[in-house]
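Single-letter residue listing:
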Amino acid sequence: MVAFLKSDLFLRFLGGFAIGAVGMFMLQPEEAPVFGSPAIAATSTNSATL
């Protein structure tokens, strides 16, 4: 197990995971997407007209 943790394959995987995790946090949009609001408004409008 210790040999696997010190292996080049595991260290490369761990480094890629760390770079990916940092990239996910740095590249997040500042504002939340507004996908939910129009769908909810359209649903309430359609049910109100029926």
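Residues numbered from 1 in each chain as written. Predicted model: local features only at pLDDT ≥ 70, side-chain atom pairs only at ≥ 80, totals over all residues. Heavy atoms only, no water.

**Points about the overall build of the protein**
Step number 1: In terms of regular secondary structure, the protein is built from 3 helices and 0 strands.
Step number 2: When the helices and strands of the protein are listed from N to C terminus, the series reads α-α-α.
Step number 3: The 50 residues of the protein split such that 2% are buried. (Helix = DSSP H or I, 4+ residues; strand = E, 2+ residues; numbered from the N terminus. Buried < 20%, exposed > 50% of the residue type's maximum accessible area, 1.4 Å probe, protein only.)

**Section: the packing of aromatic side chains**
Step number 1: For the structure shown, the criterion picks out 2 aromatic pairs.
Step number 2: Ring geometry for Phe4 and Phe10: centres 5.3 Å apart, planes at 50°, overall tilted. (Phe/Tyr/Trp six-rings, centres within 6.5 Å; stacked < 30°, edge-to-face > 60°.)

**Some points on the confidence of the model for the protein**
Step number 1: Summary statistics for the protein give a mean pLDDT of 77 and a share of 62% for residues scoring 70 or more.
Step number 2: The spread of mean pLDDT over the elements of the protein runs between helix α3 (residues 36–49), the lowest at 54, and helix α2 (residues 8–26), the highest at 93. (pLDDT = per-residue confidence, 0-100.)

**Some remarks on the UniProt feature "transmembrane region" (unreviewed entry) in the protein**
Step number 1: Sites flagged by UniProt as "transmembrane region" (unreviewed entry) map to residues 9–27.
Step number 2: As a span, residues 9–27 carries 95% helix and 0% strand, and end to end its C-alpha atoms are 27 Å apart. (UniProt positions renumbered as here; feature names shortened; annotations may be inferred.)

**Some words on the pattern of salt bridges**
Step number 1: Applying the stated criterion to the full structure yields 1 salt bridge.
Step number 2: With a closest N to O distance of 2.9 Å, Asp8 and Arg12 form a salt bridge. With Asp8 and Arg12 both in helix α2 and 4 residues apart, this pair spans about one turn of that helix.
Step number 3: On the basis of relative accessibility, which here comes to 48%, the residue Asp8 falls in the partly exposed class. (Salt bridge = Lys/Arg side-chain N within 4 Å of Asp/Glu carboxyl O.)

**Topic: a nonpolar patch on the surface**
Step number 1: On the surface, Met1, Phe4, Leu5 and Leu9 cluster together into a nonpolar patch covering about 480 Å² of accessible area.
Step number 2: Note that Leu9 resides in helix α2. (Patch = residues over 30% accessible without salt bridge, like charges linked within 9 Å, V, L, I, M, F, W, Y side chains within 5 Å. Areas by Shrake-Rupley, 256 points an atom, 1.4 Å probe, with all protein chains shown as cover.)

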